[in-house]
Amino acid sequence: MPLRVLLDTSVLRAGFVSDVGASRRLLAAVLTGRITAIASTALMLEYEDVLLRPETLQRAGVPAQDALAFLDGFCAVCRPVTVRVRWRPQSPDAGDDLVIDAAVNGLADVVATFNLRDLRAPAARFGIVTEPPADTLRRIR
């Protein structure tokens, strides 16, 4: 069974704006089915908010409709997570609690993130590994 990974918004954004790097390779692994990405509705809305910011669109060099098309494709391959139980507060940053909620309810194996400081300890309470995208890629090689 493929690894169940939740991509933090920072990783999704990095993979969207750059055509190189671990975040982009992780997105490619999701889109080709090598790993299973999970996401809740709240997380998808956060992805949309971040990708549609003018600075993100400018950095990626794409119009908003292309960002939305990318999200549609990403959403199509993600396993949807219904958040039945909220585990708040868990993170020092309240905005990160939706990541923990989705990871726990979606039975994630890994949260791929650059925000280890705020997410590592809360995820570990539920037996979920939190690591940078490059480490997640090593797991699927």
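Attention in this report is confined to the structure presented alongside it. (Residues numbered from 1 in each chain as written. Predicted model: local features only at pLDDT ≥ 70, side-chain atom pairs only at ≥ 80, totals over all residues. Heavy atoms only, no water.)

The next subject is the nonpolar core. In terms of nonpolar packing, the biggest core is built from 43 residues, with Leu6, Leu7, Leu12, Ile35, Tyr47, Phe70 and Phe74 touching the most fellow members. Among the elements that make up this core, the one with the highest residue count is helix α6 (residues 97-105) (six residues). Sequence-distant contacts of Leu6, that is, excluding residues within four places in its chain, are made with Ile38, Leu43, Val99, Ala102, Ala103, Val110, Val111 and Ala112. (Core = buried A, V, L, I, M, F, W, Y, C linked by side-chain atoms within 4.5 Å. Buried < 20%, exposed > 50% of the residue type's maximum accessible area, 1.4 Å probe, protein only. Helix = DSSP H or I, 4+ residues; strand = E, 2+ residues; numbered from the N terminus. Contact = heavy atoms within 4.5 Å.)

Side-chain alternation along strand β1 (residues 4-7) places Arg4 and Leu6 on one buried face and Val5 and Leu7 on a second face that is also buried. Judged from the two bridges that link them, β1 and strand β2 (residues 36-40) form a sheet pairing that is parallel. Along β2, the bridge assignment pairs Arg4 with Thr36. Of the strand pairs in this sheet, β1 and strand β4 (residues 110-112) are connected by three bridges, and their pairing is parallel. From the neighbouring strand, Leu7 faces β4, where its bridge partner is Ala112. (Pairing = 2+ DSSP bridges.)

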